[in-house]
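Tertiary structure, described
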Amino acid sequence: MSEPFSVLDKRIRFTRLILFYLRKGREEARSGCIVGGLTLERALSLTWIKVKVESTIGKYPKRSFTSLHNNFQERVQNLKQETFYLLYDLKIKRAIIINQAKLLNREIFSTSTITVVETMASERLGEVISMKEEVIKNACSIAMKAHKLPEKQLYLVEKNRGSSDVIFSFPGSWTISDWFSRSPFGEKMIDPHPPQFASLRSIGNDQVATVNEAFLTRFQAILPQLQSEVVKAVADRKQIVFTGHSSAGPIAVLMTVWFLENWENFIKSDPSTSRMPPICVTFGSPLVGDFIINHALRRESWSHYFIHFVMRYDIVPRVLLAPLSSLEPELKTILDFLNPKCTIHIQEPTREASALYVTVMRNASSVASHAACHLMGNTNKLSDTLLSFIELSPYRPFGTYVFCTGDRELVVMKNPDAVLQILFYSSQLSSEVEGPEIALRSVKDHFNYQSELQNLETKGVAHFDNLEGLPLSSNVGAAGLGLVLNNLGLSTRARLCLCAAGELEKQKRRNQDKINKKKTDIEKGLLALEGYKTRCEAGRVSYYDALKLSKDTDDFNANVRRLELAGIFDEIMEMLKRYELPDEFEGHREWINIGTRYRRIVEPLDIANYYRHLKNEDTGPYMKRGRPKRYRYTQRWLEYALKISAGSSGESCFWARIEDLCLRTINMGLFEDVKEEILSLEKQVEKWVQNRELGDDIFFEDSTFVKWWKKLPQQHRSGSCISKFINN
Amino acid sequence: MQVGNSISMIITGHCLGGSVASLFTLCLLKSINQPGTKRPLCITFGAPLIGDKGLQQAISQNLMWNSDFLHVAASQDLVPRFFISPYNPNAMEIDSQIGIYKPFGIFLLCSKYGCSSLEDPEAVSEVLVAMDLEIARNKPPNEQWHMFDYGAVVKRLMSTISFKGISQLSEMIECPRQAGIVLQLQAIGLNRRQQSGDSNPLIAKLEKCEEAFVSKRKMGFDPSKKLNKRKEDMAKLEWYKKVSKSEDKGYYDSYKNRGSKKDLHVVTFKKSLTNYWKEMVAEVERMPQKEEASFRTRWLYGGTNYRRMVEPLDIADYYKENGKKDYKANGRSEHYIKLEKWLEEAGKPLSSQVITRKQNVSASLTEDSCFWAHVEEALIQCELLRNGQEEESTRKKLIEFEEYVMEQIKEYAVSPEIFLGGSSFMQWWKDYEQIVGTSYKSQLTDFMKSRLYQQYH
C-alpha cells in the first residue's frame, strides 16, 4: 500500500498531490462520492465515510471504526496535531492519513492505511441489504399483481422456471375493519401460550408482543391454505420470498415469522431442504406490532430478513400511529380511492387527504416526541403524566427500512428508534403552501413503489450505521450525507433525534461491554461456591443445610460470595427490565449457560438464607413473594432456549418447595391436601436427579428434605418413585 | 378534598387564574394519598410567578411534582415575566439585583417563530430575563398591559405541528447539545447574533445550566444500586454477631469493649450502612405521600433488620462516653425513629405469633432496638443506688425496667444473647441481685434465679 506514496519524501510533489485530491474531493463531495485529501476541518464538515483501519498508529489495535469522524477526533486528541490529510486513492479505494507537521520535516512519522469499506455512491442497494435488486423488483411487481387476484384467492405464488426464487404475495384489503379491528388502535396481545409466535416476546420480562388484530386474523385465515405450498417450495430447495404491498405487508411479515419459527422443523423433517433464509420485502406496509417485535426479531437474529420500502410521503406506513376515532371517515374514503378493484371512479379526495394527513401527522408527532424523550434520556415525567390523558399508539417499526426520497437516493436505516423519528419528520412540510399538494401526494405515493424502484440500480444509497455524528445543519449547500438528509426532509430537530437514537444504541452496547467484563468475577464466584458445595458434601451435609445453619467461617464466606454475585446479576436484570441492553443479549448462548449454572448453584443458598431469616413470615413463601428476578429471568432464558414449557426447569427452587411443604405438613393430618403436590414434586425430582440437574446431596441422611420426607406416611413412602434414592 | 383515583384531572387558569391553579394543584398533590391515583396536571397560561427559591427547591426535589406543572408563556406577554423582570424594582431583593421570584415546573415558551419547552428552573429564569430584555429593546418601556390571547397561541401550535418550522440550523454546529439549545432559542426569537459576531452569551449560559442539570440528575441517589453492597455489610455484621456469641458475650458487648481487630472492622461496615440508610430515609421523606408509602413497604424489611442490628452499636458508642445519659431522648438518630415509626404504621407482621417466634428466637434479633439503652440506664441506676443516691425514684425505675424485660422475655422479643456470661445485661443482674438482696421477689428475679433463662432459646 505504501507504494503510491513512496514518492512522498519529495515535498513539492506531495503538496501537488494534496491539492489535487482537495479539488477532487470538493467536486465529488457534491455528487456524494468519497472525498480526497482535506484538512481535518473540511473533512469533518464535508464527508461521511465508513472506514476500516488496517494498520494504525501506535497503540491502536486492528479494529473497525464506524466513522472516520470518530477516528479523526481520537487521533487529534492523541497526537495533539492540528492538521491531518486524508488521502484517498480512488482506484484502489484506499485512503491514507498523514500527519502534516511531521511531513514537513521530511519524515513521515507514520501513516496509516484505511480501507474504505463503504462510501456513498459506490454502493448499490443490493450490497447494503444483501439482496439482489432483481428480487426486489420482482417482489414489487408481484406484490402489486396480488391486489388484482379474484376475491376468493388469498395468495399468489410466483415461480420462475429459471430462478431459484419462489415469491409468495398477498392481496391488500381496503375496508377499515381489516386495518383496525377496534378502537383505539386495534392491537391485540399475542396468546402467551401459543402454537404460533412463541418467539415474539421478551424472555426475561415475560412480556409478549402486541400485534394488529385484523392483520393477525387475516394471517390465520391464509396460513392453512399456504402451508403446504411453502413446505413444498422449501423441499425444492428454493429461496422463499414473502412480499406484500400496503395491508398485505403485515401478512408477509407474519408469514415470515411463522416460517422462521418452523424452519428448524422443516430442516429436521427433511435434511435435504434449503437452508437459505427467507426474505420478507414489504412496500408501503402499515406497522405491524409493538416494540417487542423488534426486540424479539433482533434477539433471534432474524431482523435483517425484513426489508420495508417506504416512500418519503406515503401515509400508509404511518396511519396506525393515529387512533381509529380520529380518522375513520377520511380513511374510509381514502381506502376506497386506493382500492385497485374499486370500479366506481372516485375523484381525487383532496379534502379527505388533507384531513387524514394532518391527523396522522399530529398523532405521529406525539408518538415520536414521546419516544424522543426516552431516547434523550429525559427524566421528565411530564410525558408520562400526559399518558393518562392521551393514549399513544403502541406500534413500532422493526427490520431494515429503505426510505425513497423521491429523488435519486435511498436511505437505509436499521435502528428502529431512528426509523420511527424519520416516519414522522420526513413528511413534515417546509411551508404551509405545500400542504394540500403533499397531502394528496401522501395518498398517491402509496401506489408509486413500482415506478420508484424501476431503476433501482442507479440510485445512490445512504446507509446510516453511525448516527451520532450526523451533519446537523440543514443548509442549502450541503453535500454528501447532508444532502441526502435534506432530500429526505429531515430538519435539524429530526437529526438531533437520530443522533440520540444512535447514542442510545451505543449506550446499550457499552452496557453490554461492561457486563461482559464481569464474566471473570462471576466465574470466580461460581468456582468458589462450587468448591463450597463439594466441601460440604465431603462432610455428608448438603450445602443448603450448611448455609441454613451457618456454623463456620466457610458458610459465612459462601454467603458473602452469594451476595457479591447477586450484585452483579441484579444489575444485569435491572438493565434487562429497562431494555438497556442490546436486544440480542438474551439470545447469547454463553449468557444462558452462565445464568443456568449460576441459578443451579446459588439459588439454593438464597432459599437457605430466606428461610434462615424467616423472611417467609413477613413476606410470604419464597416462590410466591421472595424469588428474585435474577433467578426468574435466568430460568426463563433456559426454558425458552430449550423450548420447554414454563416452569419445567424449576430444579433450583427445589428447596423452597420443600420448605413450603414442611411448613404446611407440620400437622400430618393434612397429608391428603398436599398429596398431589408431593407426588408431582417427587416425579420431577426423580427426573432432575437422573438428568443431574439436581445434586444427590439432597438425599443425605440429615438433610431437611430427608428428615421431612421420612415423616410422610409409611404407605406413601414405600410406593414413592424416589424411595430408591433414600437410605431407609 | 376527595380525589377519586380513576379521574384524570387537569387544573388550568389564565393570568392570575393560573397562579391560583398552581396553588390549588399544590394543595391537591398533598392530599393525593392512595396508590394508583392518577396524577393531576396543572396547565397555566401566562401566569405570573408565585414563589421564591424555597418553593422552587421544594418542588424540584421531587421529579413527579415538578412535572405536574406546565406553564405556557408567550414571549409577547408581560405577565409571566413580570416578577422576574430586571425592570421591575419590586421583584428584586433589597439592595441587590437578585430577583426574589423563581419559576418551577415545566415551561412552554411560545413566540411567533415556534415554541420550546424548558425544564431546568435555572434555564427558565435565564430565558425569561433574556426575553424581557429582548422585548424591552424593541418596545417603548411604558407599554400598556393587555390581556394576551392564548387561544391563538394554542391554535398556532396545533396547526404548525406538521411544519418543519424554524427548526433549521444554518450554522455549522458539531455538538448536538449546543445545536439543541440554538434551536430552542430560535424558536422563541432569542437567537440574535451579537454585533461583534461573537456567539450569543445566552447559549453558553444555557449550556452550563444544562450540564449542571444533567450531572445533578446523574448524582441522584439510587437506593437499589448499592443495596447488594449493604447486604454484604449486613452479612458481615451477622457473622460478627455469631463470632461474638461464641466468645460468650454477645456482639453488643464485644463492640462496646472493642478488644480485638474484628471489632474495629465493624466500625467501617457500620459507617457505610448508617450512611446508606440515612440517605435512604431522607430520600423517602422527600417523596410525596403516595410514592413514599409504597417505597416504605418495599424497603421496610431491610430497614428494620438494619435498625435492630446496628442501633445497639450506636447505643454502645453513646454510653461509652462517661456520664452520658438517656440515649432515647438525647442520642437517638432521627432515621432510627423514622424507621421504627414506619414499622408501627405498617401494622403488625405475621411473625407476631408467639409460637413461631419461640421456635426461632435464637436466630432472630432483639425486636426493640433500644433494648440495650434500657440496660445501660438500669446499670446507671444501680450505680446510683450503690452510692446511696435518690432511693425512691431510682428503685421505681429499676422495677419498671424489670417489668419491661420480663415483658420482652414473655413475648420472645429479645435475643437469648442477652443471657451470655459477658453481657451487660448479666452484669446488671449481678449488680441488681446484690442490691435487692435475697428476700426480694419478682417475676424477673424468679426467672433469673431459677436459671430458667438457660431454656430460653
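Since the model is a prediction, treat every value here as computed from it, not as a measurement. (Residues numbered from 1 in each chain as written. Chains lettered and ligands numbered in written order. Predicted model: local features only at pLDDT ≥ 70, side-chain atom pairs only at ≥ 80, totals over all residues. Heavy atoms only, no water.)

1. Quick notes on the overall build of chain B
Counting secondary structure elements, chain B contains 18 helices and five strands. A total of 457 residues make up chain B; the buried ones form 48% of that total. Counted over contacts in chain B with a minimum sequence separation of 6, partners at least 24 positions apart contribute 72%. Surface summary for chain B: the accessible area is close to 23,100 Å², and the carbon and sulfur share equals 54%. (Helix = DSSP H or I, 4+ residues; strand = E, 2+ residues; numbered from the N terminus. Buried < 20%, exposed > 50% of the residue type's maximum accessible area, 1.4 Å probe, protein only. Contact = heavy atoms within 4.5 Å. Areas by Shrake-Rupley, 256 points an atom, 1.4 Å probe, with all protein chains shown as cover.)

2. Concerning the domain arrangement of chain B
Residue and element names in this part refer to chain B. One can read the domain layout of chain B as domain 1 (10-140 + 147-162 + 170-219), domain 2 (221-347) and domain 3 (351-456). On the domain 3 side, the residues contacting the 23 residues of domain 2 number 20 residues. Here domain 2 meets domain 3 over a buried area of about 2,000 Å², counting both sides, of which 56% is carbon and sulfur. Summed over the shared surface of domain 2 and domain 3, the number is two salt bridges. For the salt bridge of K256 with E376, the shortest nitrogen-to-oxygen distance reads 2.7 Å. (Domains from an automatic or database assignment. Buried area = accessible area lost by both parts, 1.4 Å probe. Salt bridge = Lys/Arg side-chain N within 4 Å of Asp/Glu carboxyl O.)

3. A closer look at the pattern of salt bridges
One pass over the structure, following the stated rule, counts 54 salt bridges over all chains. Across the pair B:E417 and B:K241 runs a salt bridge, and its minimum N-O distance is 3.2 Å. Linking B:E417 in the loop between helix 16 (391-410) and helix 17 (424-436) with B:K241 in helix 8 (residues 227-246), this pair joins segments that are 176 residues apart in sequence. Neither B:E417 nor B:K241 differs from the other in exposure class; each is buried. Through salt bridges with shared partners, a single network forms among A:R562, A:D570, A:D606 and A:R630.

4. Let's talk about the sheet that holds strand 3 (residues 69-74) of chain B
All names here are of chain B. Strands sit in the order 1-2-3-4-5 across an open sheet of five strands; the sheet is mixed. Each of the sheet's edge strands pairs with one partner strand only, and the pair in question is strand 1 (10-14) and strand 5 (114-118). Each adjacent strand pair in this sheet contributes to an overall mean axis angle of 15°, direction not counted. Judged from the four bridges that link them, strand 2 (residues 41-45) and strand 3 form a sheet pairing that is parallel. Note that in strand 3 the partner of T44 across the bridge is H71. Its contacts with the sheet put helix 1 (residues 16-31) on strand 1, strand 2 and strand 3, and the angle it makes with strand 1 is roughly 155°. (Pairing = 2+ DSSP bridges. Axes fitted to C-alpha atoms, helices over the stretch in contact; angles between N-to-C directions.)

5. Focus on the packing of aromatic side chains
Residues and elements named next belong to chain A. In total, this model carries 50 aromatic pairs over all chains according to the counting rule given. Considering the side-chain rings of W179 and F215, the 6.4 Å spacing of their centres and the 65° angle between planes classify their relative orientation as edge-to-face. Of the two residues, W179 sits in the loop between strand 7 (165-170) and strand 8 (187-189) while F215 sits in helix 7 (residues 213-235), which places them 36 residues apart along the sequence. The class of F215 is buried, set by a relative accessible area of 0%. Relative to F705, the ring of F699 lies with its centre 6.0 Å away and its plane at 55°, an arrangement referred to as tilted. Given a relative accessible area of 10%, F699 falls into the buried group. Over the aromatic face of Y640 sits the side chain of R299, whose NZ or CZ is 4.9 Å from the ring centroid. (Phe/Tyr/Trp six-rings, centres within 6.5 Å; stacked < 30°, edge-to-face > 60°. Lys NZ or Arg CZ within 6 Å of the ring centre and 35° of its normal.)

6. Thoughts on helix 8 (residues 249-269) of chain A
All names here are of chain A. End to end, helix 8 covers 29 Å across 21 residues, agreeing with the expected 30 Å (1.5 Å per residue, within 8%). At N262, helix 8 shows its maximal bend, which comes to roughly 50°. With 16 of its 21 residues buried, helix 8 lies for the most part within the structure. (Expected span 1.5 Å × (residues − 1). Bend = angle between axes of the 7 residues up to and from the residue.)

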